[in-house]
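Residues per chain, in single letters:
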Amino acid sequence: MATNDCHGENVQAMGNIVSSFQESVTCRAILVRRFQMKAFLTLFLFAVVCVRGQAIVIPAWVNIEVGKAYERFAEWKGQDEVVVFPATTDLHSGGRDTYKHIAYVNHAAKTFPFDLTVDLGDIGLDVPATRDPGYATNFLERHGKLRHEFPGVALQVVGNHDHNRVAGNGNWITDKQIAEVCNLPNLKKGHKVVFAEDATYGYYDIPRAKVRVVFLNTSDHDDAGGGYYIMATKQLQWLADNLKFSEPGWTVVALTHYCVKDFGNWVGSKTSLTNGDVLVKIYEDFVAGKAGELKGVKWDFTANKDCRFAMNLIGDSHFDASETTNGVNYVIIQGYGGVSEKDFPAERAVKTPFNFRTMMLVDIVVVKPAKRELKLIRMGAGGKARDRVFKW
């Protein structure tokens with residue numbers, strides 16, 4: 001069993017892969033064996049990274065999955081200008097080690113030219129262990145620290161389980177806490193992320209490609225009184241105000257946890273997003289370049305020139321599905337959550353069986369603004385068969 005020295009502490013790195021090497025390793029990463037793949041990609045068969053005093057093994061299978069996804073990325077990208085980022089969702093790591101997959105995604109950034117990283121929520125709170133407020137706070141902080149081991153922009157979308165309702169009234173985690181731990185560190189790293197007053201929603205621009213990535217909060221706790229699936233009109237007005245562009249040719253990608261359309265629901269579910277009708281109308285009028293008003297929220301996109309809406313990328317449902325309505329692509333990615341056979345809407349969705357101990361389930365989002373198309377490249381479970389292309 002290898003010994004890993006993490007900030008002066010000896011940490012035993014568990015696993016058969018590690019135990020096969022009888023030597024000390026440092027927390028930066030070790031090179032055991034190297035081989036060349038297509039597009040001159042160099043991969044490492046084994047590594048250990050140190051995150052805030054904890055050693056996390058990067059197993060061989062992670063590098064293999066990263067390499068396969070990169071080959072498809074490089075082939076599809078060609079010489080085109082792209083924006084690329086990995087999207088994880090529904091890690092639900094309370095009681096599971098899926099939080100380590102954040103480190104695996106950060107490790108993939110050594111191969112992919114990520115412009116940012118994205119997590120679509122439901123990190124693993126709202127389970128029996130997190131009834132203890134102190135435990136829940138530490139859990140949230142670990143998640144935030146892992147996310148921000150990535151040196152670039154790391155955006156956190158709020159999920160419906162991220163306020164830790166299981167702790168009872170008075171002990172919920174607030175939007176403000178989530179923002180302070182998971183989103184505001186982007187500013188400390190020097191990145192120009194634009195946040196609303198409530199930093200659980202905002203946007204990040206990639207000017208070279210004229211792409212704006214907007215992240216929203218569909219479980220608006222602080223402004224909307226803690227509803228399960230709700231967006232306060234304050235947030236929707238902010239969105240409308242920040243989808244106006246003075247320059248032509250901007251492309252928008254929106255990120256939410258919950259799907260505003262019914263196709264994201266489980267069998268028999270009647271849940272819906274409070275004020276979701278306003279969100280849909282804003283999306284559709286942005287595509288059409290129109291002005292409008294609903295429930296006191298006003299917008300005017302008539303001055304936008306050649307601006308496009310690529311998609312609303314969504315988690316929550318625990319399966320893959322998509323729908324295009326009035327020019328708006330709504331795209332759900334499966335992530336790490338599960339759904340029983342009785343709850344799974346097999347007629348309109350796909351779910352890929354996988355074991356998080358031996359594979360990832362991450363979608364790499366690749367946007368080609370000039371060609372008005374994007375591709376989701378599956379890194380891990382399902383592989384090439386779960387790649388999807390969308391146009392607008």
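Scroll up for the structure.
Tallying secondary structure elements over the protein gives eight helices and 22 strands in all. Contacts in the protein between residues far apart in sequence, at least 24 positions, make up 63% of those at least 6 positions apart. On the protein, roughly 16,000 Å² of surface is accessible, and the fraction owed to carbon and sulfur atoms is 51%.

What follows covers the nonpolar core. L216, L279 and I282 are the most contacted members of the largest nonpolar core, which totals 41 residues. Only helix 7 (233-241), strand 14 (251-256), helix 8 (276-288), strand 16 (297-300), strand 17 (308-314) and strand 19 (328-332) provide two or more residues apiece to this core. The biggest single contributor to this core is helix 8, with six residues. Not counting residues up to four positions away in its chain, the partners in contact with I282 are L236, L239, A240, L243, V297, W299 and F301. In this structure, I58, A108, F150 and V362 belong to the second largest nonpolar core, which totals 34 residues.

Pairing within the open sheet is mixed, and its seven strands lie in the order 11-12-13-14-17-19-18. The sheet is open, and its two edges are formed by strand 11 (193-195) and strand 18 (321-325), each paired on a single side. Here the strands of the sheet are splayed against their neighbours by 20° on average, with no regard to which way each runs. Pairing between strand 18 and strand 19: five bridges, direction antiparallel. For E323, the partnering residue across the bridge sits in strand 19 and is Y330.

Further remarks concern the packing of helix 7 against helix 8. Contact geometry for helix 7 and helix 8: axes closest at 10 Å, N-to-C directions at 5°. Between helix 7 and helix 8, the angle is such that the two are roughly parallel. Contact with helix 7, carried on its side by L236, L239 and A240, involves V278, L279 and I282 of helix 8 and no other residues of that element. Across the contact of helix 7 with helix 8, the residue classes tally to six nonpolar, no polar and no charged.

Taking 1.5 Å of rise per residue, the 15 residues of helix 4 (residues 133-147) would be expected to cover 21 Å, and the 21 Å separating its terminal C-alpha atoms lies within 8% of that figure. Along helix 4, the residues that are buried comprise A136, F139, L140, H143, G144, L146 and R147. Down the axis of helix 4, the smallest arc covering the buried residues is 165°, so these residues share one side. Sitting at the amino-terminal end of helix 4 is D132, which places a side-chain oxygen 3.0 Å from the backbone nitrogen of G134.

We now examine helix 8. The end-to-end C-alpha distance of helix 8, which contains 13 residues, comes to 18 Å, matching closely the 18 Å that a straight helix rising 1.5 Å per residue would cover. Regarding helix 8, the residues found buried are G276, V278, L279, V280, I282, Y283, E284, D285 and F286. One or two positions beyond helix 8, positive phi appears at G289, with a value near 70°.

With that settled, the discussion passes to the packing of aromatic side chains. One pass over the structure, following the stated rule, counts 19 aromatic pairs. Where Y70 meets F112, the ring centres are 5.3 Å apart and the plane angle is 75°; that geometry is what we call edge-to-face. With a gap of 42 residues between them, Y70 in helix 2 (residues 60-77) and F112 in the loop between helix 3 (100-108) and strand 9 (116-119) connect regions that are remote in the sequence. Judged by its relative accessible area of 15%, Y70 is buried. With a centroid separation of 3.8 Å and an interplanar angle of 25°, the aromatic rings of Y229 and Y258 are classed as stacked. Taken together, the residues Y229 in the loop between strand 13 (211-215) and helix 7 and Y258 in the loop between strand 14 and helix 8 connect sequence positions 29 residues apart.

Attention shifts here to the side chain of D162. Along the chain, D162 falls in the loop between strand 10 (153-156) and helix 5 (175-182). For the buried D162, no salt bridge is present, and the opposite-charge side chain at shortest range is R165, 8.5 Å distant. A polar contact is formed between the side chain of D162 and the backbone nitrogen of D122, at a distance of 3.0 Å. Polar side-chain contacts of D162 include one of 2.7 Å to the backbone nitrogen of G159.

With that settled, consider unusual backbone geometry. The phi dihedral of H92 falls on the positive side, at around 40°, and the residue is not glycine. Unusually for a residue other than glycine, K295 sits at a positive phi of about 55°. Secondary-structure assignment places K295 in the loop between strand 15 (291-294) and strand 16.

Attention shifts here to the environment of R308. Among the structural elements, R308 can be located in strand 17. For R308, a relative accessible area of 11% translates into the label buried. Residues R308 and P248, spaced 60 residues apart in sequence, show a C-alpha to C-alpha distance of 9.8 Å. Sequence-distant contacts of R308, that is, excluding residues within four places in its chain, are made with G249, W250, T251, V252, F286, P369, R372 and W392.

The rules behind each value
- Residues numbered from 1 in each chain as written.
- Predicted model: local features only at pLDDT ≥ 70, side-chain atom pairs only at ≥ 80, totals over all residues.
- Heavy atoms only, no water.
- Helix = DSSP H or I, 4+ residues; strand = E, 2+ residues; numbered from the N terminus.
- Contact = heavy atoms within 4.5 Å.
- Areas by Shrake-Rupley, 256 points an atom, 1.4 Å probe, with all protein chains shown as cover.
- Core = buried A, V, L, I, M, F, W, Y, C linked by side-chain atoms within 4.5 Å.
- Buried < 20%, exposed > 50% of the residue type's maximum accessible area, 1.4 Å probe, protein only.
- Pairing = 2+ DSSP bridges.
- Axes fitted to C-alpha atoms, helices over the stretch in contact; angles between N-to-C directions.
- Parallel < 35°, antiparallel > 145°, perpendicular 65-115°, else oblique.
- Nonpolar A, V, L, I, M, F, W, Y, C, P; charged D, E, K, R; others polar.
- Expected span 1.5 Å × (residues − 1).
- Arc of directions from axis to C-beta.
- Polar contact = N/O pair within 3.5 Å; in protein donor to acceptor, adjacent residues only side chain to side chain.
- Phe/Tyr/Trp six-rings, centres within 6.5 Å; stacked < 30°, edge-to-face > 60°.
- Lys, Arg positive; Asp, Glu negative; His and termini not counted.
- Salt bridge = Lys/Arg side-chain N within 4 Å of Asp/Glu carboxyl O.

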